[in-house]
Amino acid sequence: MFHCSLLLGTFSGWEFIAVLVLILLLFGPKRIPDLMKSLGKGVSSFKEGVHEVEKEVHEASKDKEEDKKD
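Rules behind the numbers
- Residues numbered from 1 in each chain as written.
- Predicted model: local features only at pLDDT ≥ 70, side-chain atom pairs only at ≥ 80, totals over all residues.
- Heavy atoms only, no water.
- Helix = DSSP H or I, 4+ residues; strand = E, 2+ residues; numbered from the N terminus.
- Buried < 20%, exposed > 50% of the residue type's maximum accessible area, 1.4 Å probe, protein only.
- Areas by Shrake-Rupley, 256 points an atom, 1.4 Å probe, with all protein chains shown as cover.
- Expected span 1.5 Å × (residues − 1).
- Bend = angle between axes of the 7 residues up to and from the residue.
- Patch = residues over 30% accessible without salt bridge, like charges linked within 9 Å, V, L, I, M, F, W, Y side chains within 5 Å.
- Salt bridge = Lys/Arg side-chain N within 4 Å of Asp/Glu carboxyl O.
- Lys, Arg positive; Asp, Glu negative; His and termini not counted.
- Charge placed at Lys NZ, Arg CZ, Asp CG, Glu CD.
- pLDDT = per-residue confidence, 0-100.

Description of the overall build of the protein chain
Next up, step 1: In terms of helices and strands, the protein chain carries one helix and two strands.
Next up, step 2: Reading the protein chain from its N terminus to its C terminus gives the helix and strand order β-β-α.
Next up, step 3: Burial status across the protein chain gives 4% buried among its 70 residues.
Next up, step 4: Surface exposure of the protein chain reaches about 6,700 Å², of which carbon and sulfur atoms provide 65%.

In structure tokens form, the structure reads like this:
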């Protein structure tokens, strides 16, 4: 059986299907692809931001190590 663990509890298969049907009823079949597209863009933008922060932290720690050597 399908279980999806979230912060608030678990979803069983029927609950997952009910949520999907509710989303379909609220937004309609024509808007769902647009919503998924914007969600994907948001996720990729977030990942790019995380990558940039990791890069800056790595460069800062590298500069700090070089300062210690001098």
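Looking at helix α1 (residues 13-69)
Next up, step 1: Its 57 residues place the ends of α1 only 58 Å apart at the C-alpha level, less than the 84 Å of an ideal helix rising 1.5 Å per residue.
Next up, step 2: In the structure, α1 departs most strongly from a straight axis at Gly-28, where the bend amounts to approximately 95° and where the proline Pro-29 lies between one and four residues downstream.

A word on a negative patch on the surface
Next up, step 1: Side chains of Glu-48, Glu-52, Glu-56, Glu-59, Asp-63, Glu-65, Glu-66 and Asp-67 sit close together on the surface and give a patch of like negative charge.
Next up, step 2: Considering the arrangement of structural elements, one finds Glu-59 in helix α1.
Next up, step 3: The exposure class of Glu-59 is partly exposed, given its relative accessible area of 42%.

Observations regarding a nonpolar patch on the surface
Next up, step 1: Residues Phe-16, Val-19, Leu-20, Leu-22, Ile-23, Leu-26 and Phe-27 make up a contiguous nonpolar surface patch of roughly 610 Å² in combined accessible area.
Next up, step 2: Assignment of secondary structure puts Phe-16 in helix α1.
Next up, step 3: A residue is classified by how much of its surface remains accessible, and Phe-16, at 35% relative accessible area, is partly exposed.

Brief notes about the confidence of the model for the protein chain
Next up, step 1: On average, residues of the protein chain carry a pLDDT of 83, and 84% of them reach 70 or more.
Next up, step 2: When pLDDT is averaged over each element of the protein chain, α1 comes out on top at 88 and strand β1 (residues 4-6) at the bottom at 53.

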